[in-house]
Amino acid sequence: MTITKAQAVELFQRFHLDGLPAFLLRLRDNDPMEAIRTQLPNTSRLTLRVCGGDENQNLPRIVGCDLGDAEQWLREACEDGVSTVVVQPYDDLLFSVELAVTERTYVTEMIPGIWELDNQAEPTTMILTPAEEVGVRLRGPVAAQPAKYWTISTGYMTQQAHIEDWQLSEVMCWVGENAGELQQLRKAVGTDAVGIKLHYARRYGLSPQNIHTKGLSIPTDVQPSALTHLPLITSIQQGPPQTKAVRLAVGIGRERYGELLTFATKLQTAGVTTVYVRSGLLSHMAITLRQQGFDVRRW
């Protein structure tokens, strides 16, 4: 079973997991802007995300727009055939989490700032038990890494950051407090494991944003051996080596998603079957490569 963005919003609300408020805007409504003003009466800045018909990634969105820009964006989306949009008040994103829920464990990968397809930061990973204890702290970078943030006043910016103790504590407490609801959601989806993307919003705290079931792989505590002998690819413009395994360290913006799929085909043609990534086994990059047929591992 696959879960669309619209279904994810409904599931988060059904099991009282939503943090940042969200509602589904059907663009066939007589007046979308009136619906926004009714649902979010005191909101001046919005984030709008297109809902697809599958577990689509990197769909169109607009972040932090005012009501005038929102109206124009919605008009163009409607002309492009979009039928449903997720509407949320804008809030600064402090850190990002990918959470995998199984019957017995909760595996989290976390990075400071925004986690998108172009992320190259190594996430901090831990396994949580249902008893709210840290079962295994898999691994995590000691030094700060470049982290990407976005605010209305600055736009995109990059600064050195790392996951802090209070952020780990927030995630541990949230999972512990919502373990029952997370298991109900997993059962409602009908899969052995379900992946959830979360943001930590400055005013609203941890806020589930999306659900993954396709291409999901649960990280384990197995540490990779030395991989320096494997070819390192730092650009999708590189010619793929004739080898079974490669290390991948590339940043590809969401608007270049199609180029990643083309590059994946080139890798397969060259005989590559295993790709090692630094950006986490629950990341968009890992999920996309896994969906293309690769064995994806972490280095």
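A. Representation of the pairing of strand β14 (residues 245–248) in the model. Of the two faces of β14, both are covered, the one formed by Ala245 and Arg247 as well as the one formed by Val246 and Leu248. Examined bridge by bridge, strand β13 (residues 232–233) and β14 share 2 bridges and lie parallel to one another. Paired with Leu232 across the two strands is Arg247, which belongs to β14. Pairing analysis gives 4 bridges linking β14 to strand β15 (residues 274–277), with the strands arranged parallel. Residue pairing for β15: Arg247 is matched across the bridge by Tyr276.

B. Structural detail: the pattern of salt bridges. Under the criterion given, the structure shown has 10 salt bridges. Glu116 is the salt-bridge partner of Lys148, the closest N and O atoms lying 3.5 Å from each other. Highlighted residues: Lys148 in strand β9 (residues 145–151) and Glu116 in the loop between β6 (106–112) and β7 (124–128), separated in sequence by 32 residues. When salt bridges with common partners are traced through the structure, they connect Glu109, Glu122, Arg278 and Arg298 into a single cluster.

C. View of the sheet that holds β13. Across the sheet, which stays open at both edges, the 4 strands sit in the order β13-β14-β15-β16 with parallel pairing between neighbours. Bordering the open sheet on either side are β13 and β16 (295–298), each of which pairs with just one other strand. Inspection of the sheet shows β15 paired to β16 by 4 bridges, in the parallel sense. Opposite Val277, over in β16, you have Arg298 as the bridge partner.

Calculation rules
- Residues numbered from 1 in each chain as written.
- Predicted model: local features only at pLDDT ≥ 70, side-chain atom pairs only at ≥ 80, totals over all residues.
- Heavy atoms only, no water.
- Buried < 20%, exposed > 50% of the residue type's maximum accessible area, 1.4 Å probe, protein only.
- Helix = DSSP H or I, 4+ residues; strand = E, 2+ residues; numbered from the N terminus.
- Pairing = 2+ DSSP bridges.
- Salt bridge = Lys/Arg side-chain N within 4 Å of Asp/Glu carboxyl O.

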